Amino acid sequence: MSDDVRYYESVGRRKRAVARVRLYPGDGQFVINDKQIKEYFGRTQDWQEASSPLRLSKNEDRFNVSVLVKGGGITGQAQAIRHGVARALLRYEPDLKTLMRRAGYLTRDPREKERKKPGLKRARKAPQYTKR
């Protein structure tokens, strides 16, 4: 880590969730919107997913993570944080790219909810067709 860099910053996205992630040199604290990660995410699955890039690269105790996340639901936010943490780790150590790419952490998942169309009940469900 070079001396002139105070933190490594990146943005992660998933559905409507946007996470601004900063990695600071530290002892492994993970703060999301001014709350500890386990306090912010009720389900174990979500906080494990959000911190998985740090575990994969064995950097859990090397960085303090600060996240501002907006929009979307809880799981979408967890996946946006995962995307942002993985991208921030690449700024710290570009050699991690193949590891993160193989795990699927660098790919922006483009799937979003499709909008409802006029004349239909939902995005694609149409009223039942009657011939006569």
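Scope of this entry: the structure provided in the associated data block. (Residues numbered from 1 in each chain as written. Predicted model: local features only at pLDDT ≥ 70, side-chain atom pairs only at ≥ 80, totals over all residues. Heavy atoms only, no water.)

1. Topic: the packing of aromatic side chains
Per the stated rule, a full pass over the model turns up five aromatic pairs. Arranged with centres 5.1 Å apart and planes meeting at 85°, the rings of Y40 and F41 form a pair that is edge-to-face. We classify Y40 as buried; its relative accessible area is 18%. According to the relative accessible area criterion, F41 is buried, its value standing at 0%. Look at F63 and Y92: their rings are 4.8 Å apart centre to centre, the planes differ by 85°, and that puts the pair in the edge-to-face class. Placement of the pair is F63 in strand 5 (residues 63–70) and Y92 in helix 3 (residues 74–92), with a sequence separation of 29 residues. (Phe/Tyr/Trp six-rings, centres within 6.5 Å; stacked < 30°, edge-to-face > 60°. Buried < 20%, exposed > 50% of the residue type's maximum accessible area, 1.4 Å probe, protein only. Helix = DSSP H or I, 4+ residues; strand = E, 2+ residues; numbered from the N terminus.)

2. Description of the pairing of strand 2 (residues 17–25)
The sheet contact formed by strand 1 (residues 8–14) and strand 2 spans seven bridges and is antiparallel. When the sheet's bridge partners are listed, E9 is paired in strand 2 with R22. Hairpin connection from strand 1 to strand 2: two residues lie between these consecutive antiparallel strands, with K15 at a positive phi of about 50°. Pairing geometry for strand 2 and strand 5, over eight bridges, is antiparallel. Looking at strand 5, one finds that R20 is bridged to L68. (Pairing = 2+ DSSP bridges.)

3. Concerning the nonpolar core
Of all hydrophobic cores here, the largest spans 30 residues; its most connected members are F30, I32, F41, V67 and I81. Listing elements by their share of this core, those giving two or more residues are strand 2, strand 3 (30–32), helix 1 (37–40), helix 2 (44–56), strand 5 and helix 3. For V67, the residues in contact, after removing those within four places along its chain, are A19, R20, V21, F30, V31, I32, N33 and I81. (Core = buried A, V, L, I, M, F, W, Y, C linked by side-chain atoms within 4.5 Å. Contact = heavy atoms within 4.5 Å.)

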